[in-house]
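Analysis of the macromolecular model
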Amino acid sequence: MTPPPDETPPPLGEDERDAAVRRLQEAYAQGHVPHEEMDGRLHRALTAATHADLATALDALPGQPADTTSTVAALGGRIRRRGAWRVPRNLKVESAFGRVHLDLSRAVIEHPVVDVELALGTGKAKITVPRDAEVDVEGLRTVWKDTRYRPPRTARSGGPRIRISGTMGFGRLTVRHARH
């Protein structure tokens, strides 16, 4: 007999909380967050249970564009992002030759929906998403091999929605959920 699914989202890592606190401190130091608001935001960041909770602490920080886009490009070699990096709302990844590894499992995701657009020629790509993320790969076109993605057996809520689109030439995209 299978035990009932665990509905509790995984706890946030210390790196994620630290990155959020640093961002709040920077905004406060620059005068973007009033003193009266700072304590509440810090409390929400330090007590957040999910990525969505953490995003509310960072929500609408003045001085930050509401819809951010970032492009990571390389002609050859490796593109790698991991740890507590800040994920933009729209992320474009371009590579003619080489491998791509995006690890979003410990990243600071401030938006409920993140669009990842791939433009890859040759080489494989791997994207690790948070355990509670919802993934959509319908917008991705592959030339040579199909995308490897298996949704988790038990659905979790509270995480971001990751939409992956674009084109993959000669290579394969593997998407997996973090185990922690």
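Everything quoted here is computed from the prediction, not taken from an experiment.

Reading the values: rules and limits
Residues numbered from 1 in each chain as written. Predicted model: local features only at pLDDT ≥ 70, side-chain atom pairs only at ≥ 80, totals over all residues. Heavy atoms only, no water. Pairing = 2+ DSSP bridges. Helix = DSSP H or I, 4+ residues; strand = E, 2+ residues; numbered from the N terminus. Expected span 1.5 Å × (residues − 1). Buried < 20%, exposed > 50% of the residue type's maximum accessible area, 1.4 Å probe, protein only. Contact = heavy atoms within 4.5 Å. Salt bridge = Lys/Arg side-chain N within 4 Å of Asp/Glu carboxyl O. Core = buried A, V, L, I, M, F, W, Y, C linked by side-chain atoms within 4.5 Å.

Strand order in the open sheet formed by five strands is β2-β5-β8-β12-β10, and the pairing between neighbours is parallel. At either margin of the open sheet sits one strand with a lone partner, and together these are β2 (78-81) and β10 (148-149). Alignment of β2 against strand β5 (residues 99-103), held across four bridges, turns out to be parallel. From the neighbouring strand, Arg 80 faces β5, where its bridge partner is His 101.

The next subject is helix α1 (residues 14-29). In a regular helix each residue adds 1.5 Å, so 16 residues correspond to 22 Å; α1 covers 22 Å between its end C-alpha atoms and thus fits that length. Looking only at α1, the buried set comprises Glu 16, Arg 17, Ala 19, Ala 20, Val 21, Arg 23, Leu 24 and Ala 27. Against α2 (35-47), α3 (51-58), β3 (86-87) and β6 (108-109) lie the buried residues of α1. Directly beyond the C-terminal end of α1, a positive phi value near 80 degrees is found at Gly 31.

As a further point, take the pattern of salt bridges. Opposite charge on two side chains lets them pair, provided their charged atoms get close. Scanning the entire structure with this criterion turns up seven salt bridges. Here Glu 110 ties to Arg 23 by a salt bridge, and the two come within 2.3 Å at their closest N and O atoms. Here the residue Glu 110 occupies a position in the loop between β6 and β7 (113-122), and Arg 23 occupies one in helix α1, the gap between them amounting to 87 residues. Among the ionic pairs, Asp 136 bridges to Arg 161, the shortest N-O distance being 3.2 Å. Of this pair, Asp 136 sits in strand β9 (residues 134-142) while Arg 161 is found in strand β11 (residues 161-170), placing the two residues 25 residues apart along the sequence. Several salt bridges share partner residues, and in doing so they unite Arg 23, Arg 86 and Glu 110 into one network.

Turning our eyes to something else, we now look at α2. Look at α2: 19 Å from first C-alpha to last across 13 residues, which is about the 18 Å you get at 1.5 Å a residue. On its buried face, α2 is in contact with α1 and α3.

Attention now goes to the nonpolar core. Ranked by size, the top nonpolar core spans 27 residues in total, and within it Leu 118, Ile 127, Ile 164 and Leu 173 carry the most contacts. Once residues within four sequence positions are removed from consideration, Leu 173 is found in contact with Leu 118, Ala 125, Lys 126, Ile 127, Leu 140, Thr 147, Arg 148, Ile 164 and Met 168. Leu 24, Val 33, Met 38 and Ala 45 belong to the second-largest nonpolar core, a separate cluster that totals 13 residues.

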